[in-house]
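Each chain, written out:
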Amino acid sequence: YQLRITATGGTRIKNKAYTLDVTLGSGQGPVDPDSNGTFATATNLGTFSTAQSLSINPTSNPGVASVGTSDPVDGFQFTTTVAGTGTVSLSGLTANADLRVFDANQNLVASSLNGGTASETLSDLLPAGRYFVAIRGVGADTNYTLNLSFVPANQGPVDPDSNGTFATATNL
């Protein structure tokens with residue numbers, strides 16, 4: 001990005017003191033004044049190498065699982081040691097919030113920008129690496145539940161009813 005500062009009428013400003021405040025728009029990564037709203041301070045959720053899932057919600061994480069006017073962004077990070085499918089979902093919203101996932105270089109990997117209180121879900125094949133999840137409140141304050149799951153590419157989905165193989169298939 002480049003910014004050019006000029007005085008009214010287009011004359012150049014030379015040797016003058018000024019203050020420049022820059023705010024990133026809503027399409028940018030996590031930026032806010034609280035303790036987990038930047039890439040550098042995103043809450044670390046750990047390293048995934050096997051099938052795992054976790055949930056962050058206002059009951060088990062009071063004061064953390066909320067965004068809005070006073071806390072516009074919550075940031076989380078996790079690392080995968082193998083390639084696999086990562087699924088991130090945001091639910092339980094009482095106001096609009098958006099969900100974004102960034103890679104270690106802070107490039108946008110995926111985003112869900114549903115309006116209103118609709119849940120947000122992202123699922124993508126992720127190479128091994130570090131990822132950031134940004135939850136951005138859009139307007140009013142809202143609590144949320146964040147669910148994150150990871151299934152390594154060399155491991156199929158977990159079958160909770162145990163009939164997912166030829167040997168254990170249900171006989172019709």
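Only a predicted model underlies this, so the values are computations on that prediction, with no experimental measurement involved.

Criteria and thresholds
Residues numbered from 1 in each chain as written. Predicted model: local features only at pLDDT ≥ 70, side-chain atom pairs only at ≥ 80, totals over all residues. Heavy atoms only, no water. Pairing = 2+ DSSP bridges. Helix = DSSP H or I, 4+ residues; strand = E, 2+ residues; numbered from the N terminus. Axes fitted to C-alpha atoms, helices over the stretch in contact; angles between N-to-C directions. Core = buried A, V, L, I, M, F, W, Y, C linked by side-chain atoms within 4.5 Å. Buried < 20%, exposed > 50% of the residue type's maximum accessible area, 1.4 Å probe, protein only. Contact = heavy atoms within 4.5 Å.

S.K.: Would you explain the sheet that holds strand β5 (residues 84-91) in this entry?
M.R.: Strand pairs in the sheet, formed through backbone hydrogen bonds, run parallel or antiparallel to each other. Taken in spatial order, the four strands of this open sheet run β2-β11-β5-β8, and their pairing is antiparallel. Each edge of the open sheet is held by one strand with a lone partner, namely β2 (52-56) and β8 (120-126). The sheet shows a mean angle of 10° between the axes of neighbouring strands, direction not considered. Relative to β8, β5 runs antiparallel, the two being bridged by seven bridges. Residue pairing in the sheet places Ser89 in a bridge with Thr121 of β8.

S.K.: For this particular structure, what's the right way to read the nonpolar core?
M.R.: In a soluble, globular protein the nonpolar side chains are often hidden away together inside. Of all hydrophobic cores here, the largest spans 22 residues; its most connected members are Phe76, Phe78, Leu99, Val133, Ile135, Tyr144 and Leu146. When residues of this core are traced back to their parent elements, those giving at least two are β1 (43-48), β4 (73-80), β5, β6 (97-103), β8, β9 (129-137) and β11 (145-152). In contact with Val133, other than residues within four places in its own chain, are Asp74, Gly75, Phe76, Phe78, Val88, Leu99, Arg100, Val101 and Leu146. If you look at the next biggest cluster of nonpolar residues, it comprises five residues, including Ala42, Phe102, Phe132 and Ala134.

S.K.: It is not clear to me how the sheet that holds strand β7 (residues 108-112) should be interpreted in this structure. Could you clarify?
M.R.: Read across the open sheet, the five strands follow the order β1-β4-β9-β6-β7; overall the sheet is mixed. Strand pairing shows two members of the sheet lacking a second neighbour, β1 and β7, which therefore form its edges. The average angle at which neighbouring strand axes cross in this sheet is 20°, direction not considered. Here seven bridges tie β6 to β9, and the two strands are oriented antiparallel to one another. When the sheet's bridge partners are listed, Arg100 is paired in β9 with Ala134.

S.K.: Explain the pairing of β11 here, please?
M.R.: Consecutive side chains along a regular strand alternate between the two faces of the sheet. Where β2 lies against β11, five bridges are found, and the strand directions are antiparallel. When the sheet's bridge partners are listed, Ser55 is paired in β11 with Asn147. Across eight bridges, the pairing between β5 and β11 is antiparallel. Paired with Ser91 across the two strands is Thr145, which belongs to β11.

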